[in-house]
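# Structural features, examined
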Amino acid sequence: MNGINDVLVTGTEGAASDYPIDNWGLLVALLLVALAAVISAVLKLGVERRLLWATVRSLVQLLAMGLIISYVIQVNQWWLVFALLGVMIIAAVQITLTRGSGLPKGLVLPVFLTLLASAVLMFSVVVELIIRPKPWYAPQVVVTMVGMLLGNVVSAIAVAITRLFDDMRTRRYEIETMLAWGATPLEAAMPSITSAVRLGLIPTIAQLASSGIVLIPGMMAGQIIAGGDPVQAARYQFVVLAVISSLTALADTLIVMLVYRVVFTENHRLRTDL
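Predicted model, so just to flag it, every value in this text is computed and none were measured. (Residues numbered from 1 in each chain as written. Predicted model: local features only at pLDDT ≥ 70, side-chain atom pairs only at ≥ 80, totals over all residues. Heavy atoms only, no water.)

## Comments concerning the overall build of the protein chain
- Counting its secondary structure elements, the protein chain contains ten helices and zero strands.
- Over its C-alpha atoms, taken along the principal directions, the protein chain stretches across nearly 70 × 50 × 35 Å.
- In the protein chain, the proportion of contacts linking residues at least 24 apart, taken out of those at least 6 apart, comes to 72%.
- In the structure as shown, the protein chain presents an accessible area of about 15,600 Å², 68% of it carried by carbon and sulfur atoms. (Helix = DSSP H or I, 4+ residues; strand = E, 2+ residues; numbered from the N terminus. Contact = heavy atoms within 4.5 Å. Areas by Shrake-Rupley, 256 points an atom, 1.4 Å probe, with all protein chains shown as cover.)

Spelled out as structure tokens, the structure:
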């Protein structure tokens, strides 16, 4: 497989310069969101404020990240690349815990370790074994690939841990009965663990199944619009989807195995404040 730098060069020389998104394009996109907010207000859905705030926040964050990545690419120093990745991981911890609902305390370290392990695996396998950029820390490759994959992992583990604790609350009496009959916390929690990992994988499997027929995913579409080779873009998109599937399964399994004991006391009893 050719390096991603070749695709980026192709895109720079091709259609990317012919189809820039100017301020008018951004304004049209914002107006479409405003229309959705109006529909929410008319139908009394109650999400218009969150929608508008999320949109403005997204625009500011994306433009800021674009400027930051541009600077990192210009400086082209490995330590700066990994400093940026460290900031992204720390932010991802906060986002994960915010997206989850009904979560107990004490999850910061397990979430951080899960995201850190996922990022290391992404960098080692996707970047260094599959893409193999030159230099090995190429910012346009490392930051964009790890950031894209990290975002999917954040969504997956937020769903998984929310489902885990919701399911354990629903199964409270069943779990307490199993513990009373001598089951270990892991044995009592295993049905909830299985359910959480399965739920976290469902969106990924659905995306895999629909890609290429119903759906042209963002990375592939972006490269084609930028003038890249569609077949090469399809290869990159498949690699991303395959890695997302693997990382989702690994990250969901790791996080639920790290956090399920939070709801048990040292005496192997279910906490009353679950």
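Additional details are given in the paragraphs that follow.
## Here's the deal with the packing of aromatic side chains
- All told, the structure shown has six aromatic pairs when counted by the stated rule.
- Between F123 and W136, the ring centres sit 6.1 Å apart and the planes meet at 75°, which makes this aromatic pair edge-to-face. Residue F123 is located in helix α5 (residues 108–131), and its partner W136 is located in the loop between α5 and α6 (139–170); the two are separated by 13 residues in the primary sequence.
- Its relative accessible area of 39% is what places W136 among the partly exposed residues.
- For the ring pair W136 and Y137, a centre distance of 5.3 Å and an interplane angle of 85° mean the geometry is edge-to-face.
- An aromatic cluster is present here, built from W78, F82, F123, W136 and Y137 joined pairwise through their rings. (Phe/Tyr/Trp six-rings, centres within 6.5 Å; stacked < 30°, edge-to-face > 60°. Buried < 20%, exposed > 50% of the residue type's maximum accessible area, 1.4 Å probe, protein only.)

## A closer look at the nonpolar core
- If you look at the biggest cluster of nonpolar residues, it comprises 60 residues, and the most contacted ones within it are L115, M145, L149, L164, V256, V259 and F264.
- Breaking this core down by element, the ones donating at least two residues are α3 (48–75), α4 (78–99), α5, α6, α7 (172–180), α8 (185–210) and α10 (230–259).
- No other element matches the 15 residues that α6 contributes to this core.
- With residues near it in sequence (within four places) discarded, V256 still touches A160, L164, I193, A196 and V197. (Core = buried A, V, L, I, M, F, W, Y, C linked by side-chain atoms within 4.5 Å.)

## Considering unusual backbone geometry
- Omega for the bond connecting K134 with P135 falls within 30 degrees of zero, at -5°, which places this linkage in the cis form.
- Note on placement: P135 falls in the loop between α5 and α6.
- Backbone geometry at R132 places phi at a positive 55°, although glycine is not the residue there.
- Secondary-structure assignment places R132 in the loop between α5 and α6.

## Considerations on the environment of A251
- Assignment of secondary structure puts A251 in helix α10.
- In sequence terms A251 and V153 are 98 residues apart; their C-alpha atoms lie 7.0 Å from each other.
- Discounting residues that sit within four places of it in the chain, A251 has contacts with T114, S118, V153 and I157.

## Concerning the side chain of R171
- With respect to the helices, strands and loops of the structure, R171 is situated in the loop between α6 and α7.
- Judged by relative accessible area, which is 9%, R171 ranks as buried.
- Only 2.8 Å separates the side chain of R171 from the side chain of S192, close enough to count as a polar contact. (Polar contact = N/O pair within 3.5 Å; in protein donor to acceptor, adjacent residues only side chain to side chain.)

## Remarks on the packing of α7 against α8
- Between α7 and α8, the shortest axis-to-axis distance is 9 Å and the interhelical angle comes to 155°. The orientation of α7 relative to α8 falls into the category roughly antiparallel. In this structure, α7 crosses over α8, and the sense of that crossing is right-handed. For the pair α7 and α8, the contacting residues are I175, M178 and L179 in the first and P185, E187 and A188 in the second.
- Split into classes, the residues belonging to the contact of α7 with α8 amount to five nonpolar, no polar and one charged. (Axes fitted to C-alpha atoms, helices over the stretch in contact; angles between N-to-C directions. Parallel < 35°, antiparallel > 145°, perpendicular 65-115°, else oblique. Left-handed = near helix turned anticlockwise from the far one by under 90°. Nonpolar A, V, L, I, M, F, W, Y, C, P; charged D, E, K, R; others polar.)

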